Amino acid sequence: MRVSFCQGLLTGAIALNLLILYYVSQAQQQMMEKRRDPGSGSRKAALPASGLEGGMGGLVGVGAGMVGAGGVGGEGNSRGPRVTVLLREFEDFENYVGDVARSFQHQRPELPFLAVSDTPPYPPLSLPEGARLLVLSPSPEQPPQAHRPEFHVQTEFVLLVPDGVELEQGRAVERLIRELEGEGAGPVRLVASPVLARSAVQCLHLRVSLREWTATYSTAASGSSGSVCTALQGDAVVLIRSEDLFNLSVPLGRPLLPSLFIQTSLHGWKVKLLESPCFSPSHRPLFSSAHNQWKADSHLKEATSQLMRNFGLKRLLLADGKEQWHGCGKETERCFGTVRDDTPEYLYLERWTPPCCLRALRETTKYVINILESSGVRYWLEGGSLLGAARHQDIIPWDYDVDLGIYLEDVPNCDYLKNLDSGSLVDANGYVWERAVEGDFYRVQYSEANHLHVDLWPFYPRNGIMTKDTWMEHKQDVEFPEHFLQPLVPMPFAGVTAYGPNNHRRGVAGTFGVFMWPTKRTKRF
């Protein structure tokens, strides 16, 4: 029987497909067997070793050099260690990373040790054999996995240690593991031990309100078997499951512990601070000179500010009652750009006005009111500001400016207002007085750089009705009877006593931005 060319080609294609199916089947079967094997040890498949070893000043390798991928049995696991020791916080100019690695290797040589840096340290680290450095910054000649820490930790747990710490008792690590495993699947997802003789470790409660751009710390009560809280202050060694750590958006942000606890508190996780075991600092103080200590403090401040900007936190309320601000100020631009359709951009992020902006608005309001009162200019709270005074005794939490009505005939009484037709004025305190480009009203800006502002709307009476020359087509932007201002009544607002219409409760409706005055706006001439 003669076989044609087409028949031979078809037969070959069928044989090739059968061969491919056979090898795919074998590969799937091997994968299933590995998943069923509880001792496989690795959370992720090992990466190819090519291109990853030897680069970036000792960058972590893969394959045989992968952290936690093999090694002598430890922590009850005959196939490999259960914990990777990770040191994230250290300074290039003075550190003891090598000493920390040798301390852990002396007591627990089977535990992999990983130092993590944003950029290659200069001068380079002197690490003992077996300890590895991971550089997080990308490099064009490296694959993306080379700079992602989750690909270089193949153990069940990660032990986060500070610089200069010393492991004196090898069983201390096992104690932390038992404590964390004893918590099961409850809210305690981290266990910590203090570092003695460095700084007292304090358990804190942390509440993070992204809507208000604020993190609030408060002191937590201590318990007899260890304190359970949501954040720590001071030097501590922290154990966390690798899966939990690398499920965080920024697992190794700096400063490490504030970054870690801001994220874990938003997940509803807690940390248990044990009274023992304790870890000792092998070097005290950590820095040998006042200059190096100053440099370290400056780096910490810069890293904290950057972290807060990344996380969208503008204000920190500390447990000792102090505040830290990481938003806008008089020398910077405000935290949001041009407002479109009366809706600032932060509302689309489901957030309120940043607290630094509210603070600037309160300062500007207080300043302007003092100027108006000392100049004999009659004023009252207008629009959303009147609504805020009636509801909150303050600026509405999502508002972005303050509105005051003034009598047009009183403008010549104020030196800051009467000559603005010839140009804007920057006063001795840095506030900018100007005529608004949008119409016939005045604006007082927080500074030349920061355009948070108070608007002054000049009204005048006509047939017993207060009217003005510029209308912004807002629902609350309407005329009203002059007797609402006779007399003006004091109202608490933004930390000061301001003045408002005498029947503001009648004038303000139940919904934001809508005012129900008895009269409608008359035709403008």
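Under an unreviewed UniProt entry, the name given to the protein chain is Ribitol-5-phosphate transferase, and the source organism is Salmo trutta. Recorded under Sequence similarities (unreviewed entry), the UniProt text for the protein chain is reproduced unchanged: "Belongs to the LicD transferase family."

A. Molecular detail of the sheet that holds strand 10 (residues 231-233). What the five strands build is an open sheet, ordered 10-7-8-14-15; its pairing is mixed. Every interior strand has two partners, whereas the edge strands, strand 10 and strand 15 (323-325), have only one. Averaged over all neighbouring strand pairs, the angle between strand axes comes to 25°, with direction disregarded. When strand 8 (residues 214-219) meets strand 14 (residues 315-317), the two strands line up parallel, connected through three bridges. In the strand pairing of strand 14, Thr214 is matched with Arg315. On the sheet, helix 5 (residues 256-266) packs against strand 7 (202-209), strand 8 and strand 10 and is oriented at approximately 60° with respect to strand 7.

B. View of the state of the cysteines. Under the defined criterion, the tally for this structure stands at one disulfide. Cys203 shares a disulfide with Cys229; S-S distance 1.9 Å. Of note, the bridge from Cys203 to Cys229 carries an S-S torsion of about -75° and is left-handed in sense. Of this pair, Cys203 sits in strand 7 while Cys229 sits in strand 9 (residues 227-229), placing them 26 residues apart in sequence. This pair shows no difference in class: Cys203 is buried, exactly as Cys229 is.

C. Spatial organisation of the layout of surface pockets. The space that makes up the largest pocket amounts to roughly 1,400 Å³. The wall of the largest pocket is formed by 46 residues, among which Gly234, Asp235, Pro255, Pro258 and Leu300 lie closest to the centre. For the lining of the largest pocket, the leading source of residues is helix 6 (residues 290-311), giving 10 residues. For the lining of the largest pocket, the per-class residue count stands at 27 nonpolar, nine polar and 10 charged.

D. Here's a closer look at the pairing of strand 1 (residues 83-87). Most of strand 1 is tucked away: five of the five residues are buried. Burial of the side chains of strand 1 extends over both faces: Val83, Val85 and Leu87 are buried on one face and Thr84 and Leu86 on the other. Sheet topology places strand 1 next to strand 2 (residues 113-117); three bridges connect them, and they run parallel. Pairing of Leu86 across the sheet is with Leu114, part of strand 2. Read as a crossover between parallel neighbours, the route from strand 1 over helix 2 (residues 97-107) to strand 2 is right-handed.

E. Here's a closer look at the pattern of salt bridges. One pass over the structure, following the stated rule, counts 22 salt bridges. One salt bridge connects Arg254 with Glu89, and the closest N-O pair in it is separated by 2.9 Å. Residue Arg254 is located in the loop between helix 4 (242-245) and helix 5, and its partner Glu89 is located in the loop between strand 1 and helix 2; the two are separated by 165 residues in the primary sequence. Given the relative accessible area of 23%, Glu89 is considered partly exposed.

F. Local environment of the packing of helix 5 against helix 6. Axis separation between helix 5 and helix 6 bottoms out at 10 Å; the angle between their running directions is 20°. Classified by the angle their axes make, helix 5 and helix 6 are roughly parallel. In the packing of helix 5 onto helix 6, the handedness of the crossing is right-handed. Counting all contacts with helix 5, which are made through Pro258, Ser259, Ile262 and Gln263, the residues of helix 6 involved are Leu307, Met308 and Phe311. Taken together, the residues of the contact of helix 5 with helix 6 break down into five nonpolar, two polar and no charged.

G. Up close: helix 6. A rise of 1.5 Å per residue sets the reference length of helix 6, with its 22 residues, at 32 Å; its end C-alpha atoms lie 31 Å apart and thus fit the reference within 8%. The set of residues buried in helix 6 consists of Asn292, Ala296, Ala303, Thr304, Ser305, Leu307, Met308 and Phe311. Contacts made by the buried residues of helix 6 are with helix 5, strand 14 and strand 15. The first or second residue beyond helix 6 is Gly312, which carries a positive phi of 70°.

H. How the structure looks around the side chain of Lys272. Tracing the backbone shows Lys272 in strand 12 (residues 270-273). Side chain to side chain, Lys272 and Glu179 meet in a polar contact 3.2 Å long. Polar side-chain contacts of Lys272 include one of 3.3 Å to the side chain of Glu183.

Thresholds, definitions, all that
- One numbering rule holds for all chains: residues counted from 1, following each sequence as written.
- Only residues with pLDDT of at least 70 are given local features in this predicted model, and only at 80 or more are side-chain atom pairs given and counted; all residues enter the totals for whole chains, interfaces and linings.
- Side-chain calculation: all heavy atoms of the structure are included, whereas hydrogens and water are not.
- UniProt positions are given in the numbering used here, feature names are shortened, and annotations may be inferred rather than shown by experiment.
- Pairs of strands are assigned from DSSP output, requiring at least two bridges between the strands.
- Each helix is a run of H or I in the DSSP string that is no shorter than four residues. Each strand is a run of E no shorter than two, and both are numbered from the N terminus.
- Only C-alpha atoms enter the line fits that serve as axes; for helices the fit covers just the stretch in contact. Angles between N-to-C directions range over 0 to 180 degrees.
- Two residues form a contact once any of their heavy atoms are found within 4.5 Å.
- Two cysteine sulfurs form a disulfide in these notes if their separation is within 2.5 Å.
- Partly exposed describes any residue whose relative accessible area lies between the buried limit of under 20% and the exposed limit of over 50%, with all areas from a 1.4 Å probe on protein chains only and scaled to the type maximum.
- Buried and open spaces are told apart on a 1 Å grid over the protein atoms alone, a cavity being a set of points where a 1.4 Å probe fits but cannot get out and a pocket being an open set with protein on both sides within 12 Å along at least five of seven lines. Residues with an atom within 4 Å of a point are the lining residues.
- Grid points are joined across faces, edges and corners, and a volume is the space filled by probe spheres set on the points.
- Following the grouping adopted for this structure description, the nonpolar residues are Ala, Val, Leu, Ile, Met, Phe, Trp, Tyr, Cys and Pro, the charged ones are Asp, Glu, Lys and Arg, and the polar ones are all others, Gly among them.
- By the criterion used throughout, a crossover qualifies as right-handed when its path from the first strand across the helix to the second strand runs clockwise, the strands pointing away from the viewer.
- A pairing counts as a salt bridge when a side-chain nitrogen of Lys or Arg comes within 4 Å of a carboxyl oxygen of Asp or Glu.
- Roughly parallel covers angles under 35 degrees, roughly antiparallel covers those over 145, roughly perpendicular covers 65 to 115, and oblique covers all other angles.
- Here a crossing is taken to be left-handed if its near helix is turned anticlockwise relative to the far helix by less than a right angle, and right-handed if that turn runs clockwise.
- Working rule for helices: expected span equals 1.5 Å times residues minus one.
- Under the rule applied, a polar contact is a pair of N or O atoms within 3.5 Å (in protein, one hydrogen donor and one hydrogen acceptor; residues adjacent in sequence only if both atoms are side-chain atoms).

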